[in-house]
Amino acid sequence: MWLLREPWLSLLDAAFVLLIPSNFLILMADSITVPRVRFAPSPTGFLHVGSARTFIFNWLYARHNHGIMILRLDDTDVERNTQQSVDSIFDGLKWLNLNWDEEYKQSDRLDLHRKTAWAIFEKGLAYRDFTPAHAGDAEKSGAQGTWLFNPGARELSRAESDRRAASGEPFALRFRVPRENEANSPTVWGQPPSAVRFAEGKLCVHFKDSVYGDQVKAADDIEDFALLRSDGMPTYHLASCADDADLRITHIIRGQDHLTNTFKHVLIFEAAGATPPQFAHLPLLIAPDGTKLSKRRHGPVVSVTTYRDAGFLPEAFINFLCLLGWSPKNDRENLSLQELQDAFSLEGINRSNAVVNFKESGSAVSSAAPNGDVIPTAREASGRNLLLVTEETFDPKALWLNAEHIRALPVESLSDRLLPIVRAEGWDVSPDKMLRVTSLIRERIKLLRDVLTTANFFFVKQLPPYDSAELIPQKGDAAMALKALMRAREILPNVEFRHDPLDHALRTAAQELGLKAGQMFQPIRVAVCGRKNAPPLFETLEVLGRETTLDRIAQAIAKLQ
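About the cut-offs
Sequence positions are assigned chain by chain, starting from 1 and proceeding in written order. At least 70 in pLDDT is required for a residue's local features to be given in this predicted model, at least 80 for side-chain atom pairs to be given and counted, and no such filter applies to totals for whole chains, interfaces and linings, which use all residues. Side-chain calculation: all heavy atoms of the structure are included, whereas hydrogens and water are not. In DSSP terms, a helix is any run of H or I states spanning at least four residues, a strand is any run of E spanning at least two, and both are numbered starting from the N terminus. A simple rule labels every residue: compare its accessible area, found with a 1.4 Å probe on the protein chains alone, to the largest value its type can have, and call it buried under 20%, exposed over 50%, or partly exposed in between. Whether two residues touch is decided by their heavy atoms; if any such pair falls within 4.5 Å, the residues are in contact. To be clear on the numbers: accessible area is Shrake-Rupley with a 1.4 Å probe, and residue cover counts the displayed protein chains and nothing else. Strand pairing is assigned whenever DSSP detects at least two bridges linking the two strands. For salt bridges, the criterion is a side-chain nitrogen of Lys or Arg within 4 Å of an Asp or Glu carboxyl oxygen. Between 30 and 60 degrees the pair is tilted, below 30 it is stacked and above 60 it is edge-to-face, where a pair is any two Phe, Tyr or Trp rings, Trp via its six-membered ring, whose centres lie within 6.5 Å. Interaxial angles span 0 to 180 degrees and are taken between N-to-C directions of axes, which are lines fitted to C-alpha atoms, for helices over the stretch in contact. Here a crossing is taken to be left-handed if its near helix is turned anticlockwise relative to the far helix by less than a right angle, and right-handed if that turn runs clockwise. Under the scheme applied here, ten amino acids are nonpolar (Ala, Val, Leu, Ile, Met, Phe, Trp, Tyr, Cys and Pro), four are charged (Asp, Glu, Lys and Arg), and all others, including Gly, are polar. Only buried Ala, Val, Leu, Ile, Met, Phe, Trp, Tyr and Cys residues count toward a nonpolar core, and they belong to the same one when joined by side-chain atoms within 4.5 Å.

### Section: the overall build of the protein chain
Here is step 1: Helices and strands together make up the secondary structure of the protein chain, namely 22 helices and 13 strands.
Here is step 2: Counting the 561 residues in the protein chain, one finds 51% classified as buried.
Here is step 3: Considering only residue pairs separated by 6 or more positions, the protein chain has 75% of its internal contacts joining residues 24 or more positions apart.
Here is step 4: Element-wise, carbon and sulfur atoms account for 50% of the exposed surface of the protein chain, whose accessible area totals about 26900 Å².

### So, the pairing of strand 8 (residues 213-218)
Here is step 1: Sheet topology note: the strand 7 (residues 202-209)/strand 8 ladder contains six bridges and is antiparallel. What sits directly across from Val 205, in strand 8, is Lys 217.
Here is step 2: Here strand 7 folds back onto strand 8, and the loop between the two strands holds three residues.

### Section: the pattern of salt bridges
Here is step 1: For the structure on display, the rule yields 32 salt bridges.
Here is step 2: Notably, a salt bridge pairs Arg 109 with Asp 246, separated by 2.5 Å at the nearest N-O pair. Pair noted here: Arg 109 is in the loop between strand 3 (102-105) and helix 5 (110-122) and Asp 246 is in helix 7 (residues 236-246), with a separation of 137 residues, a long-range link.
Here is step 3: By relative accessible area, Arg 109 is classed as buried at 13%.
Here is step 4: Look at Asp 246 and you get partly exposed, because its relative accessible area is 42%.
Here is step 5: In this structure, Asp 309 engages Arg 308 in a salt bridge whose closest nitrogen and oxygen atoms are separated by 2.9 Å.
Here is step 6: Taken together, the shared-partner salt bridges in this structure form one network comprising Arg 38, Arg 72, Asp 74, Arg 109, Asp 243, Asp 244 and Asp 246.

### A few points about the environment of Phe 207
Here is step 1: Mapping Phe 207 onto the fold places it in strand 7.
Here is step 2: Residue Phe 207 is classed as buried on the basis of its relative accessible area of 8%.
Here is step 3: C-alpha of Phe 207 to C-alpha of Phe 263: the two residues are 56 residues apart in sequence and 7.4 Å apart in space.
Here is step 4: Non-local contacts of Phe 207, meaning those with residues more than four positions away in its chain, are made with Gly 213, Asp 214, Gln 215, Leu 259, Thr 262, Phe 263, Val 266 and Phe 279.

### A closer look at the packing of aromatic side chains
Any two aromatic rings considered together are summarised by their centre-to-centre distance and by the angle between their planes.
Here is step 1: Per the counting criterion, the structure on display carries 20 aromatic pairs.
Here is step 2: A ring pair is formed by Tyr 307 and Phe 394, whose centres lie 4.9 Å apart and whose planes are at 50 degrees; its orientation type is tilted. Here Phe 394 lies in the loop between helix 13 (378-381) and helix 14 (396-408) and Tyr 307 lies in helix 10 (residues 304-310), a separation of 87 residues in the sequence. For the residue pair Tyr 307 and Phe 394, the accessibility class agrees, reading buried in each case.
Here is step 3: Between the aromatic rings of Phe 457 and Phe 458, the centroid separation amounts to 4.5 Å while the plane-to-plane angle is 35 degrees, which identifies the pairing as tilted.

### A look at the packing of helix 19 (residues 499-513) against helix 20 (residues 517-529)
Here is step 1: For the pair helix 19 and helix 20, interaxial distance at closest approach is 8 Å and the crossing angle is 115 degrees. The hand of the helix 19/helix 20 crossing is right-handed. Listed contacts from helix 20 to Leu 506, Arg 507, Ala 509, Ala 510 and Leu 513 of helix 19 are Ala 517, Met 520, Phe 521 and Ile 524.
Here is step 2: Classifying every residue of the contact of helix 19 with helix 20 by side-chain character gives eight nonpolar, no polar and one charged.

### Structural notes on the nonpolar core
Here is step 1: Formed by 90 residues in total, the largest nonpolar core has its most connected members in Ile 56 and Leu 96.
Here is step 2: Among the elements that take part in this core, helix 3 (residues 49-64) stands out by supplying nine residues, more than any other.
Here is step 3: Beyond its immediate chain neighbours, meaning those up to four positions away, Ile 56 contacts Leu 96, Leu 98, Ile 318, Leu 321 and Cys 322.
Here is step 4: Within the second largest apolar cluster, 61 residues are counted, among which are Leu 414, Leu 448, Ala 509 and Leu 560.

### Here's the deal with the pairing of strand 7
Here is step 1: For strand 7, the buried fraction is high: six of the eight residues fall into the buried class.
Here is step 2: As paired strands, strand 6 (residues 196-199) and strand 7 are joined by four bridges and run antiparallel to one another. Directly across from Phe 198, in strand 7, lies its bridge partner Leu 203.
Here is step 3: Linking strand 6 back to strand 7 in an antiparallel pair, the connection comprises two residues, with Glu 200 at a positive phi of about 55 degrees.

### Remarks on the sheet that holds strand 4 (residues 126-129)
Here is step 1: Ordered by their spatial adjacency, three strands build an open sheet running 4-5-9, and the pairing between neighbours is antiparallel. Each having just a single partner strand, strand 4 and strand 9 (226-228) make up the two edges of the open sheet. Taking the axes of each pair of neighbouring strands and ignoring which way they run, one obtains an average angle of 40 degrees across the sheet.
Here is step 2: Bridging between strand 4 and strand 5 (residues 172-175) involves four bridges; their strand directions are antiparallel. If you follow Tyr 127 over to strand 5, its bridge partner there is Arg 174.

Here it is, written out as structure tokens:
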């Protein structure tokens, strides 16, 4: 039954399988390598945009190659883990709407981690270090005099080590990194295809990265890193490798900041008797000033939920992140999720760091109103204390892509996404009215939340105050505006509120008054919308309806009298 759930097995294959002997099926399964990738966030903060990109690249690789996508919460850092961080990670991933196939928590797998560590110890590839933290002399013979190990700890006999451990003396379990000219070095090293072999006369650790190529580091520049802490808890290096081996991970796709860790990881894999996965390290995301994107330094602009709350479409956000460090062969930028999945490959990942061109800001997530003011969001109105950002903060390419994806949505789908945002502001809007409004503003918004400023006059009972000077048309005066509005108030009660009748009636009225069409239309547009920049007039009047239109024209007349 296990075989029938594998993605490489189609329904036709499944029917054929029933005719094949079971022992042959086992051999066939072993000979087929299904890519298995994982996203392994640590719940120590909100979901970072760099982490989201790592998840997306793993997801795309798995789906492109009909593989398995695994979510593993690396939650063994009990001092820094928070439930709020766990919630943020899952909130962000849920918004991206990219599913995964298997899910694990590292804290549920501690027995596996410890068994792996002690198996390495039994091979002579790890040792107990009883040196108290921050005490004793240290061997500093690595590059730039870096710490390598505590003298005497590596040389301690097994019998003495067992005796001290049995007496209850605390210790950390350290990996015995192979050293040049070391007597009695375990024979596991140096045997093909070992990662440990000589290069240019030095004992080195090797691995090949799919993005950065061959990587080599002298063994004498790698410290004897801990596998288990003195409290018995596994370190990140051990837990990550033990889980990757047990979950049969075939490809580790992660940030370039883990590149140096990989030298330690290939040692752990080899010592545990596991074949290392294929590695692909992603270029870093950096700020415009060249610094690495940091939650602490750059704040909410690096959080996935900031983009969600600002009104980005998840598919547009995914598109944007994919272009940070990866490019398709045809250099297209506006890509659907299916197009990204079809085009994605590790060969398309760049080595150069990718710049996110944001502007630092400490205001609230919102779109700028036509006058440049910041409009409070629903979350602010409800009193939630969030550190947020303005639209101008975001990378211009992210905004452009979002606008492109918005315009590509069917109007019905876009309306469904806008309706909850509008209702969250306390406006009781029907789905039918929202659909009619959406068709008028789709070309005018960059973010979903722009509906609150671009189309608010459709939903409010009373327009916000506006300057009566806005009613005056070009090359006109207040008297001309008043004449146009009073004529509109006279004829509109008897006009059918549909585009063509409204168009004909108001153009005829303009001719009768000796006005140009624009001089007739501008006072009416400002009267009913509270601004000059608005959707087409006749469609707007049709959605607003006769009663609201006449009421607002009457208020505008009062402003001018």
